[in-house]
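# Summary of structural features
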Amino acid sequence: MILLQVLNPDNGISMVLFFGTIGMLTLTIGLIVFVSFHQRKVIRYQQQLQKLEQDQQKTLLNASIRLQEEERQRIAADLHDDAGPLLATARLYLNENFVNLDKNTQLQSIYNAKQIIDDTIQLIRNISHSLMPPTLKNFGLESAVNDLFQKISGSGSMNASCRFHDYRERLKPENELIIFRVIQELVNNILKHSSASFIHLTQNTSGNKFFVRLHHDGRGITQTDFEKLNKSNVGLGLKNIQSRLKVLQGKIFFEKDMSQTYYKVTIEIARVDEDRIEQE
Amino acid sequence: MLLGKLIFLSYLLCITFFLVFCVRRPKRELYIIFIYIIYSLVFDLVRTSVSNVKFAFLISSLFTIGELSICSYYFYLIIHSPVLKRIILAVSCIALVIITVILIRSEKKGFDSFPASLESVTFILYSIIYFFEQINRPQQIFIYSSPNFWIVLGIMVYMSGTLFLFIIANNLSENELNKYWIINNISNLITNLSFSIAFFQNRNASRVSLYHKSFNSNDSLEKL
């Protein structure tokens, strides 16, 4: 207003009006053009992210299905190659000619058949335990992991130990199973690929988070390797681990320890999410 | 005269487009704009036929208050963020109170310069808020396929174009004001055309926004 009083009323006012109006309209048009282009960029970027997420989920799902099929094939092979012939052999000992044999031969046949059936029962028990360990269902995650690690130590291949520091309250059975499978898969990978001499597992709770840490002194992978393997076609077990942890909305982190002497895998699950996940 | 006829035709175009494209697919915000168009048309007709200065001032003042109320409500409907909605509500109430007080205490002659300028600034602010929200929460890849974009564009062009005219209106003589009033007429024409495009865009309103659901949904292969 002061500016207007200083200037010649007519020319000043016209200039102010002209330049002011042009300026405002230019700003308006500039703003609208910026918004249009920026918004399209944002949406395209979000579309790309979404596509990447979908591709990743598809890969995980395929890996999960392939693993399931492999497990079924393994069980089928165990039953066909081991249990099948054993039972067939037992049947041979107990065929129709059995009644024509002398008593001693009959007794020997019965004894042999009984041995074979005992072996078959043990074999089927082992297959069943590997599918669903009864210790996990009846006594919980701590006992099941202890059992697993005792079996590994007992085989003499390496020193395996575990320690649960804070597991007073059990997780839900389905969540315990998922965590057990993840631990099983990690341990299998260590046994197969790392040539480690020891594995040590620790469990802690911090706030509402449940932590499991696995240490070993063999050849391991870092988080970068894990992410690379996940994106590739190999690393079926790792993809399976990721799928399982996604169900619990948990995280896994691979790293080499600060002292550079051993590798560490940390699994983190938020306990408060258990009820929310169940509701979903 | 020609410009006056063009403006009148643009009002008719808006009304026609609304009746053809929007009545079957009712959206509350478009009804609000339709009410605003009728309101503007009625007041423009009354204003042009009034010669008494005080009565003309009263007409302009009532128009300003009504326009502020209707368009503020429109922006309140189209903004999604609760925080921004509250800001719009608060600013509108304050502006309405200020404008009403000024109009009551004014000399009731000339042009309601300050209230009109304040209203222009308010709606430019609301338009910026709308575009800001569109950047942060994009609903569609082509923002110009949304009717609301064209309506806000029309309002912003009108308010930007007439802001300086309204600011200096009381410093102009009656002849000068009539000479420069062409800016208001052209802005009005562009706004009405923009509203017509908005109503035309509404013909696609039955199709779901291509990306609205996908950005907000939790659909994923995990659910399979």
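Residues numbered from 1 in each chain as written. Chains lettered and ligands numbered in written order. Predicted model: local features only at pLDDT ≥ 70, side-chain atom pairs only at ≥ 80, totals over all residues.

### Points about the overall build of chain A
Applicable threshold: Counting from the N terminus, the helices are DSSP H or I runs at least four residues long and the strands are E runs at least two residues long. In this scheme every C-beta is placed from the backbone, and a residue whose C-beta has 20 or more other C-beta atoms within 10 Å is buried, one with 12 or fewer is exposed, and one in between is partly exposed.
For chain A, the count of helices and strands is 9 helices and 5 strands. In chain A, the succession of α and β elements from N to C terminus is α-α-α-α-α-β-α-β-β-α-α-β-β-α. Counting only residues that meet the buried cut, chain A has 15% of its 280 residues in that class.

### Details of the interface of chain B and chain A
Worth spelling out the cut-off: It is the C-beta atoms, placed from the backbone, that decide contacts: two residues are in contact if theirs lie within 7 Å. Under the grouping applied here, Gly and all other residues not named as nonpolar or charged are polar, the nonpolar ones being Ala, Val, Leu, Ile, Met, Phe, Trp, Tyr, Cys and Pro and the charged ones Asp, Glu, Lys and Arg.
If you look at the interface, chain B gives 26 residues, while chain A gives 25 residues. At the level of secondary structure, the elements contributing two or more residues to the side of chain B that touches chain A comprise helix H5 (113-136), helix H6 (147-167), helix H7 (174-201) and helix H8 (212-216) of chain B. Top element by residues in the side of chain B that touches chain A is H6 of chain B. It accounts for 8 residues. Among the residues making up the side of chain B that touches chain A, the classes are represented as 19 nonpolar, 6 polar and 1 charged.

### Observations regarding the confidence of the model for chain B
Residue and element names in this part refer to chain B. This is how the line gets drawn: For every residue, the predictor assigns a confidence score, pLDDT, that lies between 0 and 100.
Confidence in the prediction for chain B averages 83 pLDDT; 87% of positions are at 70 or higher. Confidence, read as mean pLDDT per element, is least for H8 in chain B (42) and greatest for H6 (93). Across residues 208-224 the pLDDT falls below 50, and counting only partners more than four positions away or on other chains, this stretch makes 19 contacts in the model. Across the assembled chains, the prediction reports ipTM 0.80 with pTM 0.60.

### What to know about unusual backbone geometry
It is generally the case that most residues other than glycine have a negative phi and that most peptide bonds are trans. All names here are of chain A. Look at Ser-195: it is not a glycine, yet its phi comes out positive at around 55°. We classify Ser-195 as exposed; it has 12 C-beta atoms within 10 Å. The residue Gln-249 is not glycine, and still its phi comes out positive at about 55°. Within the fold, Gln-249 resides in the loop between helix H8 (236-247) and strand S4 (251-256).

### A word on the confidence of the model for chain A
All names here are of chain A. Scored by pLDDT, chain A comes out at a mean of 82, with 92% of its residues at no less than 70. The low-confidence segment residues 1-7, where pLDDT is below 50, has 6 contacts with residues more than four positions distant or belonging to other chains. Residue range residues 275-280 is modelled with pLDDT below 50. Its contacts to residues more than four positions away, or to other chains, number 2 contacts.

### Some words on the nonpolar core
To be explicit about the condition: Buried Ala, Val, Leu, Ile, Met, Phe, Trp, Tyr and Cys residues whose C-beta atoms connect them within 7 Å together make up a nonpolar core.
In this structure, Phe-75, Tyr-130, Ile-155 and Phe-199 of chain B are the most contacted members of the largest nonpolar core, which totals 51 residues. Of all the secondary-structure elements, those providing two or more residues to this core are helix H2 (9-93) of chain A together with helix H1 (2-21), helix H2 (28-49), helix H3 (53-78), helix H4 (82-105), H5, H6 and H7 of chain B. Ranked by residues supplied to this core, first place goes to H6 of chain B with 15 residues. Setting aside residues up to four positions removed in sequence, Tyr-130 of chain B forms contacts with Phe-75, Ile-78, Ile-79 and Val-152 of chain B. With 26 residues, the next largest nonpolar core counts Leu-148, Phe-210, Ile-241 and Leu-248 of chain A among its residues.

### Quick word on the sheet that holds strand S1 (residues 159-164) of chain A
Residues and elements named next belong to chain A. To keep it simple, the criterion reads: For two strands to be treated as a pair, DSSP must find no fewer than two bridges joining them. To get an axis, a line is fitted to the C-alpha atoms, and for a helix only the part in contact is used. The angle between two axes follows their N-to-C directions and goes from 0 to 180 degrees.
Strand order in the open sheet formed by 5 strands is S1-S2-S3-S5-S4, and the pairing between neighbours is mixed. Either end of the sheet is taken by a strand with one partner, and the two such strands are S1 and S4. Adjacent strand axes in the sheet meet at a mean angle of 15° when their direction is disregarded. Relative to strand S3 (residues 209-216), strand S2 (residues 198-206) is paired through 8 bridges, and the arrangement is antiparallel. The partner of Thr-205 across the bridge, within S3, is Phe-210.

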